[in-house]
Amino acid sequence: MEILTQLIFSGIALGMIYAVIAFGYQLTFATSDTLNFGQGDALMLGALVGLTLVGMGVNYWLMIPIVCVFGAIQGAVVERIGVRPAIRIKSEFGWIMSTIALGIIFKNVAENVWGHDDLKFPSPLPESPIRLLGANVLPMEILVVVGAVLMMAAVELFNRKTIWGKAVVATFNDREAARLMGINTGLVITFSYALSSMSAALAGVMIAPLTLTGATMGAVLGLKAFAVAIIGGLTSGMGIIVGGIILGIAEKLTGFYLSTGYQDVPGLVLLLIVLAVRPAGLFGKTAIKKV
Amino acid sequence: MTLAIRLSAVALACMAATAFAADPIKIGVDGPFTGGSSSMGVSMRDGVRLAADEINKAGGVLGRQIQLVERDDEAKNERGAQIAQELINKEHVVAVVGYINTGVGLASERFFQDAKIPVMNNVATGSVLTHQFDDQPENYVFRNSANDSIQAPMIVEEAVTRRGFKKVAILADSTNYGQLGRADLEKALALKGIKPVAVEKFNIKDVDMTAQLLKAKEAGAEVVLTYGIGPELAQIANGMTKLGWKVPMIGSWTLSMANYIDNAGPGGEGARMPQTFIQEPTTPKRQSFIISYLKTFAPKNNRMDSPVSAAQGYDSVYLLAAAIKQAGSTDGPKIKDALENLKTPVEGVVTTYNKPFSKGDHEAITANIPVFGEVKGNRVVYAYADDLKKASEVRVKDVNAKGALPTVKK
C-alpha cells in the first residue's frame, strides 16, 4: 500500500509537470487553432533566465514575475514572427514548421549563452522530503502541483470574468464573427501566445529545481506534454490536468509493476486509443469543421 | 651588441620559424565539445592542447611543430564518420586522438583503419573498440582509457568483496553505453555467483527515478550499481534522498562527472567509481599537470570538469609523440609499428607507459592501474587512504593483472 501511494504521488507530481506545459498548448489552440511546438523551449528559456536571475542574487519569489514578463514577450515574438504570417495566408501547416524552427533557434541560442551542460537550480524550499500518508513527497513537488492548479485557475477566471477574457473566448468560438463584432482578433491571438509562453516560463522555474536545467530540458517534456494535451483534449483545461495525472501515474505504475524498460509505452498506447475512440480527447468538445 | 649581430639573430629566428611553420605535424582531435557528454570532451581537448603546447615549446617532434585539428562530433555517430573522412582526405592528419562515445568511435575508426592512420582512443570505454579489426593483419586502433571489461569487475569487486554487499541492484541507462555496461556488470556478478536482485533501465532526460528505485528498495538491495552519465545519475541520487532510502552508489567512472556532482549535491556524496586519475598532486608529473591545467583553463572552483578525460587526453598526445619520434617519420604504418614497440618509457599523468602496447594488445591500461575515487566535499578524492598513500608509486601496466573480464571477440 505504501508503495502504491508513493508511486501515485510521484505520478501526480510528474503528471502536473506535464499538465502545466500542456496547458500552454491549449491556450493558443483555443484562440487560433495553432500550437506552439516550441513550448518545451519556452519552458527551457524561462528556467534558464530564472537561473541567471537567481545567480545574480535575485530572490526566487521575486524572480518569478520577471520571468513571466520575459515569457510573455518571448511568446509574442513567436506569434509575430512564426504564426501570424501563416494565419494571414491561411496556411494550414506553415505555423508548424515555423514554431518548430523558432524552437530550434531558441535552443541553439540557449546553448551558446548558457552552455551545454545541465545545471543545478537552487531549490527555494527545503530539499528533505515530507511524510504524507506513508509516502515521501518533496516540498517542491507540492509547490508544482499547487502552483499549476492556481495558474490554471487564474487563467480560467480571467477568461470568464474580464472583458479581455471574453474577447479570448469569443475569438475561440468564432474568429470571423468576433472580428466582425470589433474584436481585434490578431491582438487576441498574440495575447494568447504571450500567455501561453508565460505559463511555460513559469512552469520552467517551478519544475527546474526538480528536474535539471539546461538547453535540452524542454525536448522530452514538450513531447510528453503534447501527448497529455491530446489525451485530455485540446479544448479543456480540466482535461489537461486529468490527462497529465493519468499519464504520470501510468508511467510510474508500469515502471514498477511491469518493467522500467516499458515505462513510456502505456502513455503512448493511451494516446493511440484516445485518438481512435475519442479524437477530441477525453474531455474535449468534438469540433465540427465546416468546409 | 652591433646592429649586424642583432639583425642576423632576427633573420635566424625567422628562418627557424618558417622551417617549423612550413611543415607542421597535423593531429586530429575528435570529441563531443557540445551536448551532454561535452564535459568529458572539452576536458579531453584541454588536456590534448596542454600536451601539444608543451611539446611545441620544447621544440616539437622531429623538429616540427604539432598542429591540432579539432572537430566537434556532437556525440553523433554519423557526424563522427564525416569528420573521420574530412580529417583523412582534406586535412591529411598523421594520427588522431579522442573519442568519448563508444558508438562514435566504432563508426569512425574504420576510415582510419583503411587509410592506415593510427587512432589513440583516450576516453571511450566500450570493450569492443580495440577489437573491431581483430580479423585484419594490422590494427590501427589503440586505447589509453580503462575499458568496460576492467571497470565492471572492479565495481563488483568493490561492492561484493571489499564491502560485503550480497544484494545488488543495477541501474543502467538505455544507451549502448549503459546496456553494454549492464551486461558486463551481470557477467562480473555471475563470476562471484551473485544474481542482481533488480536490473532497471532509465532513459536519457528522465526526470523521476521513483519506480526504478522503489523496485530496488523492495527487492532489498543493499547497494546500487550504476552505468549511465552525469545528469541521470544525479537524478538517481536525488530520487534516493526523496524516498529517504540511502544505500551506497557504486558505478562506472562517469560518477566523477562534474554534472553528477553538482546536480546531486549532498545526496551524491559517497558515490564510488574506478578512476585512472584523481586530481591530487601525488607525483611531480601530476602536480605540474594540475598546475598548468588550472592556470591555462581556469575551471570553476579549481576543479577539472572531468579529470580522467583531461589526464588521458594529455597522455594520448605524449604517447603519439613518442611513437612519431621513434619512427622518425609521420608515415602511418611506421607510427603504428613504433607504438606496438615503444622502446623508451613515456612518463604520463596516469602512469608511466613502459611498453604500453604490443602487436596483439592495444590497451595501455590494465586492471591494476585504476583506483577507486569517492565523491566528497563536491570533488573526487581517493576512496581508500591506502591508495592515496601509495599514489606516488606509479602503477604500471601489468599484462597479467587479474580482474578483467575475458576479452570480447568480435
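Residues numbered from 1 in each chain as written. Chains lettered and ligands numbered in written order. Predicted model: local features only at pLDDT ≥ 70, side-chain atom pairs only at ≥ 80, totals over all residues.

Topic: the overall build of chain B
Regarding its fold elements, chain B presents 13 helices and 14 strands. Projected onto its principal axes, the C-alpha positions of chain B cover 85 × 50 × 40 Å. Burial statistics for chain B: of 410 residues in total, 54% are counted as buried. (Helix = DSSP H or I, 4+ residues; strand = E, 2+ residues; numbered from the N terminus. Buried ≥ 20, exposed ≤ 12 C-beta atoms within 10 Å, placed from the backbone.)

Here we look at the overall build of chain A
From N to C terminus, chain A includes 11 helices and two strands. The C-alpha extent of chain A, read off along each of the three principal axes, is 55 × 50 × 35 Å. Considering chain A as a whole, with its 291 residues, one finds that 51% of them fall into the buried category. When contacts within chain A are restricted to residue pairs at least 6 apart in sequence, long-range pairs at least 24 apart make up 75% of them. (Contact = placed C-beta atoms within 7 Å.)

Describing the domain arrangement of chain B
Residue and element names in this part refer to chain B. With domains assigned, chain B is organised as domain 1 (3-146 + 282-353) and domain 2 (149-275 + 371-392). Averaged C-alpha coordinates put domain 1 and domain 2 at centres separated by 31 Å. Of the residues lining the interface, 17 residues belong to domain 1; the matching set on domain 2 comes to 19 residues. For the side of domain 1 that touches domain 2, the secondary-structure elements that each account for two or more residues are α2 (38-57), α4 (102-115) and α11 (307-327). (Domains from an automatic or database assignment.)

Regarding the packing of helix α1 (residues 2-32) of chain A against helix α9 (residues 217-232) of chain A
Residues and elements named next belong to chain A. It is the contact of α1 with α9, at a shortest axis distance of 8 Å, that shows an interaxial angle of 70°. The orientation of α1 relative to α9 falls into the category roughly perpendicular. Where α1 approaches α9, its residues Ile17, Tyr18, Ala19, Ile21, Ala22, Tyr25 and Gln26 are matched on the opposing element by Leu221, Gly222, Lys224, Ala225, Phe226, Val228, Ala229 and Gly232. Of the residues assigned to the contact of α1 with α9, the class counts are 11 nonpolar, three polar and one charged. (Axes fitted to C-alpha atoms, helices over the stretch in contact; angles between N-to-C directions. Parallel < 35°, antiparallel > 145°, perpendicular 65-115°, else oblique. Nonpolar A, V, L, I, M, F, W, Y, C, P; charged D, E, K, R; others polar.)

Regarding the pairing of strand β10 (residues 272-275) of chain B
Along any regular strand, the residues point their side chains to alternate faces of the sheet. Residue and element names in this part refer to chain B. Residues Arg272 and Pro274 of β10 are buried on one face, and the alternating residues Met273 and Gln275, pointing to the opposite face, are buried as well. By the bridge criterion, four bridges tie β10 to strand β13 (residues 371-376) in an arrangement that is antiparallel. Counted as the bridge partner of methionine 273 is glycine 373 from β13. (Pairing = 2+ DSSP bridges.)

Considerations on the interface of chain A and chain B
Counting residues at the interface gives 24 residues for chain A, matched by 26 residues for chain B. Those elements giving two or more residues to the side of chain A that touches chain B turn out to be α1 and α10 (237-258) of chain A. Among the elements that make up the side of chain A that touches chain B, the one with the highest residue count is α1 of chain A (five residues). Broken down by class, the residue content of the side of chain A that touches chain B amounts to nine nonpolar, nine polar and six charged.

Things to note about the sheet that holds strand β1 (residues 25-31) of chain B
Two pairing modes exist for strands in a sheet, parallel and antiparallel, and in both the strands are linked by backbone hydrogen bonds. All names here are of chain B. Reading across the sheet, the five strands line up as β2-β1-β3-β4-β5 and stay open at both edges, with parallel pairing between neighbours. Every interior strand has two partners, whereas the edge strands, β2 (66-72) and β5 (141-143), have only one. Neighbour-to-neighbour, the strand axes of this sheet turn through a mean angle of 25°, independent of strand direction. The pairing of strand β4 (residues 119-121) with β5 spans three bridges and is parallel. Bridged to valine 119 within β5 is valine 141.

A closer look at helix α10 (residues 284-297) of chain B
All names here are of chain B. Between the first and last C-alpha of α10 there are 20 Å, a value that for 14 residues agrees with the 20 Å anticipated at 1.5 Å per step. Looking at α10, one finds that the buried residues are Arg286, Phe289, Ile290 and Tyr293. Burial along α10 is one-sided: seen end-on, the buried residues are contained in an arc of 95°. Facing away from the buried surface of α10 by more than 90 degrees, the exposed residues are Pro284, Ile291, Lys295 and Thr296. The inward-facing, buried residues of α10 abut α2 and α11. Phi turns positive, to about 40°, at alanine 298, one or two residues after α10. (Expected span 1.5 Å × (residues − 1). Arc of directions from axis to C-beta.)

Some thoughts on the confidence of the model for chain B
All names here are of chain B. Residues of chain B with pLDDT of at least 70 account for 94%, and the chain-wide mean is 88. Across residues 17-21 the pLDDT falls below 50, and counting only partners more than four positions away or on other chains, this stretch makes three contacts in the model. Predicted as a complex, the structure gets a pTM of 0.82 and an ipTM equal to 0.77. (pLDDT = per-residue confidence, 0-100.)

Some remarks on α9 of chain A
With 16 residues, α9 of chain A ought to run about 22 Å at 1.5 Å a step, and its terminal C-alpha atoms sit 23 Å apart, in line with that. Note on α9 of chain A: the residue one or two positions beyond its end, glycine 233 of chain A, has a positive phi of about 110°.

Some details on the confidence of the model for chain A
Model confidence for chain A is summarised by a mean pLDDT of 85, while 98% of its residues fall at 70 or above. Mean pLDDT values for the elements of chain A range from 81 in strand β1 (residues 130-132) of chain A up to 90 in helix α2 (residues 39-55) of chain A.

Details of the environment of valine 94 of chain B
Residue and element names in this part refer to chain B. Within the secondary structure, valine 94 sits in the loop between α3 (77-89) and β3 (95-98). Note: C-alpha distance between valine 94 and threonine 226 (132 residues apart in sequence) is 38 Å. Those residues in contact with valine 94, other than ones at most four positions away along the chain, are Ile25, Lys26, Ile27 and Thr330.

Describing unusual backbone geometry
All names here are of chain B. Despite not being glycine, tyrosine 99 shows a phi value in the positive range, around 75°. Inspection of the secondary structure puts tyrosine 99 in the loop between β3 and α4. With 32 C-beta atoms counted inside 10 Å, the residue tyrosine 99 sits in the buried group. Positive phi values are uncommon outside glycine, yet asparagine 302 reaches one of about 55°.

Quick word on the environment of alanine 135 of chain A
Residue and element names in this part refer to chain A. Tracing the backbone through its elements, the reader meets alanine 135 in strand β2 (residues 135-137). Using a count of 21 C-beta atoms within 10 Å as the deciding quantity, one classes alanine 135 as buried. Residues within four places of alanine 135 in sequence aside, it is in contact with Glu2, Thr5, Gln6 and Phe9.

Quick look at the pairing of strand β6 (residues 168-173) of chain B
Residues and elements named next belong to chain B. For β6, the tally of buried residues reaches six of six residues, placing the bulk of the element in the interior. Going residue by residue along β6, you find Val168, Ile170 and Ala172 tucked away on one face and Ala169, Leu171 and Asp173 tucked away on the opposite face as well. Across five bridges, β6 lies against strand β8 (residues 223-227) in parallel orientation. Of the residues in β8, the one forming a bridge with valine 168 is valine 223. As judged from the five bridges shared by β6 and strand β7 (residues 198-202), these two strands associate in the parallel manner.

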